[in-house]
Amino acid sequence: MIIIKNMTISKLLHTAKSLYVLRSEPVGLIHFLTRRCNARCSFCFIDFEDEVSQNKKNEMTIQEIQKMTSTMGKSLQHVNLTGGEPFLRSDIFDIIKAYFDNAKVNSVLINTNGSYPKKINAFVNKLNEFYPEKTVVIQFSIDSYPEEHDRIRKIPGLFERTMESYEIVKKKGKGAIPSVALTCTHENYKKINEIYEFMKNEHKVKRFSAILVRDEGVFKTPESQKQEILDNYQSLTENLYRDRTNGVLLNFYEKDSFISRVINEKEKIQHENNIKMYIKPKFISNCPSASIFGVIDCDGTVHPCEVLDKPLGKLSDFNSNFLDLWRSDKTKSVKKWIKDTKCNCTYECAMTYNVMSNYEYQPRLIKKGLGF
């Protein structure tokens with residue numbers, strides 16, 4: 001996701017240059033604030049038996065994050081703060097402050113299970129006070145109807161708490177915007193479209209993202225169910241596109257504006273590509289990982305993406321200077337490997353930047369943006 005509201009001309013030019021010409025600075029990043037979580041979702045890729053990643057003493061300190069965010073270049077537009085459960089970090093507001101003040105990002109997305117309404121309420125109050133004009137999307141994960149959702153995530157009463165958190169953001173947020181992520185998995189694929197209608201009609205949710213479960217970390221998708229998972233994911237994305245186009249749903253821009261139509265079409269292309277590659281992986285277009293997109297793990301290890309096991313280095317070895325690591329020989333080598341091998345996957349976050357930065361998609365995006 002790239003939010004370009006309230007961007008300075010200088011930032012816009014640097015971002016465009018990175019997206020379409022130099023590709024030497026990140027435009028978007030994922031930052032795992034922690035690998036700790038109070039849920040145990042059946043499809044999660046995190047190894048909760050790993051003592052190193054589950055020890056918060058091994059997570060980057062706020063001082064390290066402040067230093068890192070001061071060295072990210074001039075093109076970084078958006079960061080996704082994820083986990084684990086990000087609200088387990090007591091310093092989450094200080095972290096977002098570092099990204100806004102030091103890295104000058106224009107928008108932040110936080111993925112959460114929504115189980116801490118009091119923490120989220122306090123967080124939104126601080127956002128309203130210090131960053132009322134900044135876009136902060138707080139994305140809540142929903143897997144099924146209340147009882148089944150709680151069973152899948154193994155937290156009794158979670159659905160109710162998640163919706164309490166959702167309503168806090170919806171009612172109180174100035175720049176904070178609530179959204180719901182629907183992940184199509186072996187647990188819910190048979191009724192994922194029913195769940196979408198339930199959330200849309202009963203809970204009046206206006207913003208959704210569709211995620212296709214993928215093999216990563218300790219999780220492997222049951223082979224016998226992959227085709228049906230894909231079929232229902234395709235149906236879900238078609239329903240989302242239909243409802244965004246006809247105005248039932250919203251994205252993060254003014255309804256029926258040029259940029260709103262572009263983003264809707266970007267989502268459609270992204271989903272089409274994922275559908276083409278899910279059963280039989282194949283190359284479609286060049287991946288932007290290690291050039292304009294990357295992933296920062298909670299211990300400061302930087303990766304090209306979540307999927308590829310080719311770490312670029314650890315920030316502590318570069319005195320927390322992000323661009324020094326990003327421009328290192330190791331990063332250049334991995335970047336070349338990605339291009340030479342035509343690396344491909346269905347990782348939605350990387351696919352967003354793939355679609356936005358590849359020339360082949362621009363005519364279609366512009367045409368749709370103009371209303372044709």
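Quick note: structure is the one above.
Engineer: Hey, could you run me through the packing of aromatic side chains in this one?
Structural biologist: The way to describe two aromatic rings as a pair is by their centre distance and the angle between their planes. In total, this model carries 14 aromatic pairs according to the counting rule given. Both rings, one in Phe 93 and one in Phe 123, keep their centres 6.2 Å apart while their planes meet at 75°; by these two values the pair is edge-to-face. Separated by 30 residues along the polypeptide, Phe 93 in helix α3 (residues 92-101) and Phe 123 in helix α4 (residues 117-130) bring together distant segments of the chain. Assigned by exposure class, Phe 93 and Phe 123 land together as buried.

Engineer: Is there a simple way to think about unusual backbone geometry in this case?
Structural biologist: In terms of backbone geometry, most residues other than glycine have negative phi values and most peptide bonds are trans. With a phi close to 75°, Ala 290 is a non-glycine residue in the positive phi region. Within the secondary structure layout, Ala 290 lies in the loop between α9 (258-277) and β7 (293-296). For Lys 342, which is not glycine, the phi torsion reads 55° and is therefore positive. Locating Lys 342 in the fold gives a position in the loop between α11 (329-340) and α12 (348-357).

Engineer: Hey, could you run me through the packing of helix α5 (residues 146-153) against helix α6 (residues 158-172) in this one?
Structural biologist: A pair of packed helices is captured by two measures, namely the crossing angle of their axes and the spacing between those axes. Their axes nearest at 7 Å, the elements α5 and α6 cross at an angle of 105°. Comparing their axes, α6 and α5 come out roughly perpendicular. Contact with α5, carried on its side by Pro 146, His 149, Asp 150 and Arg 153, involves Leu 158, Phe 159 and Thr 162 of α6 and no other residues of that element. Residue composition of the contact of α5 with α6, by class: three nonpolar, two polar and two charged.

Engineer: Even after reading the chapter, I still don't get the environment of Cys 349, so can you show me in this structure?
Structural biologist: Position of Cys 349 among the secondary structure elements: in helix α12. Residues Cys 349 and Met 60 lie 289 residues apart in sequence; the distance between their C-alpha atoms is 22 Å.

Engineer: Hey, could you run me through the sheet that holds strand β2 (residues 78-82) in this one?
Structural biologist: Across a sheet, paired strands are connected by hydrogen bonds in the backbone, their directions being either parallel or antiparallel. Spatially, the nine strands line up as an open sheet ordered β6-β5-β4-β3-β2-β1-β7-β8-β9, and their pairing is mixed. What marks the edges here is a single partner per strand, and that holds for β6 (208-212) and β9 (313-314). Contacts from α6 reach β4 (135-142) and β5 (176-184) within the one sheet, and its direction differs from that of β4 by about 160°.

Engineer: Would you explain the pattern of salt bridges in this entry?
Structural biologist: Opposite charge on two side chains permits them to pair, given that their charged atoms come into close proximity. What the rule picks out here adds up to 23 salt bridges. The partner of Glu 148 in a salt bridge is Arg 151, with the nearest N and O atoms 2.7 Å apart. Residue Glu 148 and its partner Arg 151 are located together in helix α5, separated by three residues, close to a single helical turn. Note on Glu 148: relative accessible area 23%, which makes it partly exposed. You can call Arg 151 partly exposed: its relative accessible area is 42%. A salt bridge links Glu 187 to Arg 151; its shortest N-O distance comes to 2.7 Å. In this pair, Glu 187 sits in the loop between β5 and α7 (192-202) while Arg 151 sits in helix α5, placing the two residues 36 residues apart along the sequence. Through salt bridges with shared partners, a single ionic network connects Arg 36, Glu 59, Arg 89 and Asp 91.

Cut-offs applied
Residues numbered from 1 in each chain as written. Predicted model: local features only at pLDDT ≥ 70, side-chain atom pairs only at ≥ 80, totals over all residues. Heavy atoms only, no water. Phe/Tyr/Trp six-rings, centres within 6.5 Å; stacked < 30°, edge-to-face > 60°. Helix = DSSP H or I, 4+ residues; strand = E, 2+ residues; numbered from the N terminus. Buried < 20%, exposed > 50% of the residue type's maximum accessible area, 1.4 Å probe, protein only. Axes fitted to C-alpha atoms, helices over the stretch in contact; angles between N-to-C directions. Parallel < 35°, antiparallel > 145°, perpendicular 65-115°, else oblique. Contact = heavy atoms within 4.5 Å. Nonpolar A, V, L, I, M, F, W, Y, C, P; charged D, E, K, R; others polar. Pairing = 2+ DSSP bridges. Salt bridge = Lys/Arg side-chain N within 4 Å of Asp/Glu carboxyl O.

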